[in-house]
Amino acid sequence: MSSLYWHTTGEGDRDLVLLHGWGLNAEVWQNIVPRLSPHFRLHLVDLPGFGRSQGFGPLTLADMAQQLLPQLPARAVLLGWSLGGLVASQIALTQPQRVSALVSVASSPCFTARGEWPGIKPETLESFQQQLSNDFQRTVERFLALQTMGTENARQDARQLKEVVLSQPMPSVEVLEGGLKILHEVDLRTELPHLTLPLLRLYGALDGLVPRRIAPMLDEALPTSPSIVMEKAAHAPFISHPDAFCQHIIEFIQLVAR
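Residues numbered from 1 in each chain as written. Predicted model: local features only at pLDDT ≥ 70, side-chain atom pairs only at ≥ 80, totals over all residues. Heavy atoms only, no water.

Visitor: Honestly, the overall build of the chain in this entry has me stumped. Any pointers?
Guide: From N to C terminus, the chain includes 10 helices and 7 strands. In summary, the chain has a C-alpha radius of gyration of 17 Å against a globular reference of 18 Å for 258 residues, a match within 12%. Oriented by its inertia axes, the alpha-carbon framework of the chain measures out at about 50 × 45 × 35 Å. In the chain, the share of contacts with a sequence separation of at least 24, taken over all contacts with a separation of at least 6, comes to 77%. Element-wise, carbon and sulfur atoms account for 50% of the exposed surface of the chain, whose accessible area totals about 11000 Å². Charged side chains in the chain number 20 positive and 25 negative. The centres of these two groups are separated by 2 Å. (Helix = DSSP H or I, 4+ residues; strand = E, 2+ residues; numbered from the N terminus. Rg over C-alpha atoms; globule rule 2.2 N^0.38 Å. Contact = heavy atoms within 4.5 Å. Areas by Shrake-Rupley, 256 points an atom, 1.4 Å probe, with all protein chains shown as cover. Lys, Arg positive; Asp, Glu negative; His and termini not counted. Charge placed at Lys NZ, Arg CZ, Asp CG, Glu CD.)

So this is what it looks like as structure tokens:
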């Protein structure tokens with residue numbers, strides 16, 4: 001039997017749903033919850049198959065989005081980090097009436113490098129997929145280390161991410177492989193310009209997984225969507241720069257809520 005972990009907290013009257021990245025769970029948001037909860041009603045979700053959302057096998061992006069819809073509050077703001085950004089985008093594209101605004105954090109409509117499009121080399125994702133079955137724990141740790149590389153407190157930030165993973169039930173190898181398959185194959189670049197909702201895009205200048213060069217390329221394709229590149233941040237700006245990160249979120253939502 002599958003069940004989705006969904007925890008609601010906070011004092012605001014606007015709903016903000018936080019969707020985490022590959023291999024992690026909703027505990028990744030703990031250091032920004034105190035900063036955001038006075039402003040919003042926060043919904044902390046473990047994506048299907050991750051953390052406490054147990055009983056799910058590997059899912060496609062469409063399936064993952066579908067699993068979240070029954071519990072999604074009306075007209076919520078969706079904030080998706082990394083893989084969570086794809087899930088949030090999928091919901092906003094297919095069920096726009098359910099969403100009031102979208103925030104994508106260190107995310108890309110297409111994570112894999114293709115032609116002129118910057119991203120993760122396909123062979124890097126393929127090697128992660130192969131290594132998962134051999135040394136599951138080490139592969140996840142390697143991926144987490146990549147997310148903080150280059151920041152001032154890289155080691156400390158990576159340790160924080162590792163603690164988040166270990167604090168909750170580990171996803172199965174199949175679920176992790178399914179998540180990597182989404183990162184490897186999904187390409188929402190042609191759909192995204194049809195999005196009519198307000199969209200804020202946040203990037204880390206030092207991000208090795210979602211290169212900053214994506215920001216100006218999408219600025220052109222999405223002229224009404226503001227983008228912010230956080231200068232000393234990598235793939236997890238809410239961990240390395242929580243105050244600045246939360247300020248950007250609060251200002252954007254206040255602006256679109258008017």
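Still more ground to cover, so stick around.
Visitor: How do you make sense of the side chain of Gln90 when you look at a structure like this?
Guide: Relative to the helices and strands, Gln90 is located in helix H3 (residues 83-94). Among the residues examined, Gln90 registers a relative accessible area of 14% and is labelled buried. When near neighbours in sequence (up to four residues on either side) are disregarded, Gln90 contacts Leu61, Ala62, Ala65 and Leu188. (Buried < 20%, exposed > 50% of the residue type's maximum accessible area, 1.4 Å probe, protein only.)

Visitor: Would you take a moment to explain the sheet that holds strand E5 (residues 99-105) for this structure?
Guide: Two modes of strand pairing occur in sheets, parallel and antiparallel, and in both the strands are linked by backbone hydrogen bonds. The strand order across the open sheet built from 7 strands is E1-E3-E2-E4-E5-E6-E7, with neighbouring strands paired in mixed fashion. The open sheet terminates on both sides in strands that have one partner only, identified here as strand E1 (6-9) and strand E7 (227-230). Recorded for the sheet is a direction-independent mean angle of 20° between the axes of neighbouring strands. As defined by bridge partners, strand E6 (residues 199-204) adjoins E7 across 4 bridges and the pair is classed as parallel. Residue Leu202 lies in a different strand from E7, and its bridge partner there is Ile228. (Pairing = 2+ DSSP bridges. Axes fitted to C-alpha atoms, helices over the stretch in contact; angles between N-to-C directions.)

Visitor: Sorry if this is basic, but what is going on with the pairing of strand E3 (residues 41-45) here?
Guide: One face of the sheet, then the other: side chains in a regular strand alternate in exactly this way. Across the 5 residues of E3, 4 count as buried, placing the element largely inside the fold. Judged from the 4 bridges that link them, E1 and E3 form a sheet pairing that is antiparallel. Bridging across to E3, Thr8 finds its partner in His43. Across 5 bridges, strand E2 (residues 15-19) lies against E3 in parallel orientation. Its bridge partner lying in E3, Val17 is registered against His43.

Visitor: How should I be thinking about unusual backbone geometry in this particular structure?
Guide: As a rule of thumb, non-glycine residues mostly have phi less than zero, and peptide bonds are mostly trans rather than cis. One non-glycine residue, Arg75, adopts positive backbone phi at about 55°. Summarising the element assignment, Arg75 is placed in the loop between helix H2 (61-68) and strand E4 (76-81). Even without being glycine, Ser82 reaches a positive phi, approximately 55°. Locating Ser82 in the fold gives a position in the loop between E4 and H3.

Visitor: I keep staring at the pattern of salt bridges and nothing clicks. Help me out?
Guide: Pairing is possible between side chains that carry opposite charge, provided their charged atoms lie close to one another. Per the counting criterion, the structure on display carries 10 salt bridges. Across the pair Asp243 and Arg35 runs a salt bridge whose closest N-O atoms are separated by 2.6 Å. Here Asp243, found in helix H10 (residues 242-257), pairs with Arg35, found in helix H1 (residues 33-36); they are 208 residues apart in sequence, far enough to count as distant. The partner of Arg212 in a salt bridge is Glu231, with the nearest N and O atoms 3.3 Å apart. Taken together, the residues Arg212 in the loop between E6 and helix H8 (214-221) and Glu231 in the loop between E7 and helix H9 (237-240) connect sequence positions 19 residues apart. (Salt bridge = Lys/Arg side-chain N within 4 Å of Asp/Glu carboxyl O.)

Visitor: Hey, could you run me through helix H6 (residues 154-166) in this one?
Guide: Because an α-helix completes one turn every 3.6 residues, residues spaced three or four positions apart along the sequence face the same direction. Compared with an ideal rise of 1.5 Å per residue, which puts 13 residues at 18 Å, H6 spans 18 Å between its outermost C-alpha atoms and is within 8% of the ideal. Residues of H6 that are buried: Asp157, Ala158, Leu161, Val164 and Val165. Viewed along the axis of H6, the buried residues span an arc of 115°, placing them on a single side of the element. Pointing more than 90 degrees away from the buried face of H6 are the exposed residues Arg155 and Glu163. Those residues of H6 that are buried are in contact with E4, helix H5 (136-148) and H9. (Expected span 1.5 Å × (residues − 1). Arc of directions from axis to C-beta.)

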